[in-house]
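Here's the letter readout for the chains.
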Amino acid sequence: MSEVINQPIEYQAGGKNYQGHLLYRQGARPDRGLLMAPNFFGISDAALAQAEKRLDDRSVILVLDPFGAEVRPSTPEQAMAAMGEARSDGGALRAVLRAAFEALRQRAGELGVSQDRLAVFGFCFGGACALEMARDGVDARAFVSFHGLLDSDQRATRAPAGPVLVLNGADDPMVSAEAQAAFKKEMDGADADWTLVNYGGAVHSFTDPGANTPGRSLYSPKVARRAFAAMDDLFEEVLGD
């Protein structure tokens, strides 16, 4: 297997510097660019390892920095504080996400990826970020959220540019039945192409091998495998030509 290239990528939003990481295989000729929004730890060794697992010869992945180049949480408390600050201003967060998407568009293009062959996925807080990008009209071919929150203070008013896939733990205490009903109403009102999958017995963070709080946040290899297969199937549908 060829070596993975990991390049720091800088971009700016709101007068602040951000640094994501671009991953691709040495010697590969990728034909699709994927923007990955990490969980509430932002850029971390675990996030980069997760991206590397999703990498193949056809893809280039930019792991976005949601908090700023100087913010690298090392504890859950620090991560919660960083996420809370980011979520407190939806407009500013969307500007950061758009800047990251444009950075992906530019750098993937330098590697030969067509600018209309880009998609977005994210985990937990990053899943919510993927949905914000769909709501904001980002020009991606698909948006995938793994165990992400569904609510937003800026709901979609028009159809997202591509299909929206939400992969949710049916017993996730952070995603209520009311939130799911509101999301359905929002997506239907925007005439979105959307799918919400509830995995029985799964709670929050079911793709995270480090999650180990039963009843709240717990890794499930079985559910993770099925959820990643669902994402791969969607990406093959919209990017496989």
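Residues numbered from 1 in each chain as written. Predicted model: local features only at pLDDT ≥ 70, side-chain atom pairs only at ≥ 80, totals over all residues. Heavy atoms only, no water.

With that out of the way, let us pick up the packing of helix α3 (residues 90-110) against helix α4 (residues 125-135). Between α3 and α4, whose axes approach to 10 Å, the crossing angle comes to 85°. Here α3 lies roughly perpendicular to α4, going by the angle between them. In contact with Leu-93, Arg-94, Leu-97 and Phe-101 of α3, α4 contributes Phe-125, Cys-129, Glu-132, Met-133 and Arg-135. Along the lines of polarity and charge, the residues of the contact of α3 with α4 split into 6 nonpolar, no polar and 3 charged. (Axes fitted to C-alpha atoms, helices over the stretch in contact; angles between N-to-C directions. Helix = DSSP H or I, 4+ residues; strand = E, 2+ residues; numbered from the N terminus. Parallel < 35°, antiparallel > 145°, perpendicular 65-115°, else oblique. Contact = heavy atoms within 4.5 Å. Nonpolar A, V, L, I, M, F, W, Y, C, P; charged D, E, K, R; others polar.)

A few words on the sheet that holds strand β1 (residues 4-13). Taken in spatial order, the 8 strands of this open sheet run β1-β2-β4-β3-β5-β6-β7-β8, and their pairing is mixed. The sheet terminates laterally at β1 and β8 (194-199), the two strands that pair on one side only. On average, each strand axis in the sheet is inclined to that of its neighbour by 20°, with strand direction left out of account. Alignment of strand β3 (residues 32-37) against strand β5 (residues 118-123), held across 5 bridges, turns out to be parallel. If you follow Gly-33 over to β5, its bridge partner there is Leu-118. Relative to the sheet, helix α1 (residues 45-54) contacts β1, β2 (16-25), β3, β4 (59-63) and β5, its axis offset from that of β4 by approximately 165°. Strands β3, β5, β6 (143-146) and β7 (164-169) of the sheet are contacted by α4, whose axis makes an angle of about 145° with β5. (Pairing = 2+ DSSP bridges.)

With that out of the way, let us pick up the layout of surface pockets. Empty space among the atoms becomes apparent when a probe as large as a water molecule is rolled across them. There is about 390 Å³ of room inside the largest pocket. Lining the largest pocket are 19 residues, and of these Phe-40, Met-174, His-204, Ser-205 and Ser-217 sit closest to its centre. Where the lining of the largest pocket is concerned, the elements lending two or more residues are α2 (76-87) and β9 (212-213). No other element matches α2, which puts 3 residues into the lining of the largest pocket. Residue classes in the lining of the largest pocket are distributed as 10 nonpolar, 7 polar and 2 charged. (1 Å grid on protein atoms, 1.4 Å probe; cavity = no way out; pocket = protein on both sides within 12 Å on 5 of 7 lines; lining within 4 Å. Points joined across faces, edges and corners; volume = space filled by probe spheres on them.)

Okay, the environment of Ser-2 next. Along the chain, the position of Ser-2 falls in the segment before β1. Under the relative-accessibility criterion, Ser-2 is labelled partly exposed at 29%. A sequence separation of 54 residues divides Ser-2 from Asp-56, and the C-alpha atoms of the two residues are 9.7 Å apart. When sequence neighbours within four positions are dropped, the list of residues in contact with Ser-2 reads Arg-25, Gln-26 and Asp-57. (Buried < 20%, exposed > 50% of the residue type's maximum accessible area, 1.4 Å probe, protein only.)

Attention now goes to the nonpolar core. The tendency in soluble globular proteins is for nonpolar side chains to be buried as a group. Counting 48 residues, the largest nonpolar core has Leu-35, Phe-101, Val-120, Phe-125, Met-133 and Phe-143 as the members making the most contacts within it. Here this core gets 9 residues from one element, more than from any other, and that element is α3. Apart from the residues within four sequence positions on either side, Leu-35 is in contact with Leu-62, Leu-64, Leu-97, Ala-100, Phe-101, Leu-104, Ala-119, Val-120, Phe-121 and Met-133. Core analysis: the next-biggest nonpolar cluster, separate from the first, contains 31 residues, Met-36, Leu-167, Ala-227 and Met-231 among them. (Core = buried A, V, L, I, M, F, W, Y, C linked by side-chain atoms within 4.5 Å.)

This next bit is on the pairing of β7. Of all 6 residues in β7, 6 are buried; the element is thus mostly enclosed. Alignment of β6 against β7, held across 4 bridges, turns out to be parallel. What sits directly across from Val-144, in β7, is Leu-165. Pairing of β7 with β8, which is carried by 6 bridges, proceeds in the parallel orientation. Pairing of Leu-167 across the sheet is with Val-197, part of β8. Chirality of the crossover, the property in question, places the unit of β7, helix α5 (residues 177-189) and β8 among those that are right-handed. (Right-handed = clockwise from strand over helix to strand, strands pointing away.)

Counting across every chain of the model gives 17 salt bridges. Residue Glu-132 pairs with Arg-94 through a salt bridge whose shortest N-O separation is 3.0 Å. Taken as a pair, Glu-132 in helix α4 and Arg-94 in helix α3 lie far apart in primary sequence, 38 residues in all. Neither residue differs from the other here; Glu-132 and Arg-94 are each classed as buried. In this structure, Asp-188 and Lys-184 form a salt bridge, with 3.0 Å as the shortest nitrogen-oxygen distance. Pair noted here: Asp-188 and Lys-184 are both in helix α5, with a separation of 4 residues, about one helical turn. A relative accessible area of 40% places Asp-188 in the partly exposed class. If you follow the salt bridges from partner to partner, you end up with Arg-94, Arg-98, Glu-132, Arg-135, Asp-136, Arg-155 and Glu-186 in one network. (Salt bridge = Lys/Arg side-chain N within 4 Å of Asp/Glu carboxyl O.)

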